[in-house]
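Close look at the chain arrangement
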Amino acid sequence: MIKPASSPGIFEIGIALATGGLMTIMLLSNSLMAAHTTPLFSSLTAHGVGAMALVLALLALRLAMPGKAQPPLIGRAPLWAYLGGLSGALTVVLTSYAANSSLALTGTLALGLAGQVILALIFDRFGLLGMARRKPTRNDLISLALVIGGTLLIIFGRAQAGGQG
């Protein structure tokens, strides 16, 4: 079971913020690729380049640390854990399409964030896919309302401003 951490440190917060920035760059580059090809080709390209980068990183680590033992595996991951690859591929296809629509990059990311928070609250509440059960707090629900409110402002505020950003 995945247990929630007690309190995030500055390092974890920095990594999460950097990940958000990387997701923006990923969505921008994938949607640009999709605009010139197709969303499916964009996903294939993104995952192919990512796989090659990881293979090169693994080779570099082995060359940099010859003779070092690899950390032992904790155990086998559950079969459903492999859905991360499928959801990643579908995410690239769908966000590449959405970012090239009237939602644009900002609207796509805002709706994506709202979807992530909603699904995370559901997973926490019911303990789905190995998560520890945790009832949403009042602050969780207020935060969700603010994320949804901000998303609506981003999407419909732009439309009322004449589509200019």
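Residues numbered from 1 in each chain as written. Predicted model: local features only at pLDDT ≥ 70, side-chain atom pairs only at ≥ 80, totals over all residues. Heavy atoms only, no water.

**Side note on the overall build of the protein**
When you go through the protein residue by residue, the secondary structure sums to five helices and zero strands. Moving toward the C terminus, one meets the helices and strands of the protein in the order α-α-α-α-α. Seen through its principal axes, the protein has C-alpha atoms that stretch 60 × 45 × 30 Å. Put simply, 67% of the contacts in the protein that link residues at least 6 apart link residues at least 24 apart. Of the roughly 12400 Å² that the protein leaves accessible, carbon and sulfur atoms contribute 73%. (Helix = DSSP H or I, 4+ residues; strand = E, 2+ residues; numbered from the N terminus. Contact = heavy atoms within 4.5 Å. Areas by Shrake-Rupley, 256 points an atom, 1.4 Å probe, with all protein chains shown as cover.)

**A look at the side chain of threonine 151**
Residue placement: threonine 151 occurs in helix α5 (residues 138–160). When its relative accessible area of 5% is taken as the criterion, threonine 151 is described as buried. Sequence-distant contacts of threonine 151, that is, excluding residues within four places in its chain, are made with Ala110, Leu111 and Ala114. (Buried < 20%, exposed > 50% of the residue type's maximum accessible area, 1.4 Å probe, protein only.)

**Observations concerning helix α3 (residues 83–99)**
Helical geometry: 3.6 residues make up each α-helical turn, so side chains three or four residues apart lie on a common side. The end-to-end C-alpha distance of α3, which contains 17 residues, comes to 23 Å, matching closely the 24 Å that a straight helix rising 1.5 Å per residue would cover. For α3, every residue scored as buried is listed here: Val92, Val93, Thr95, Ser96, Ala98 and Ala99. Residues of α3 that are buried make contact with α1 (10–36), α2 (39–64) and α4 (104–126). (Expected span 1.5 Å × (residues − 1).)

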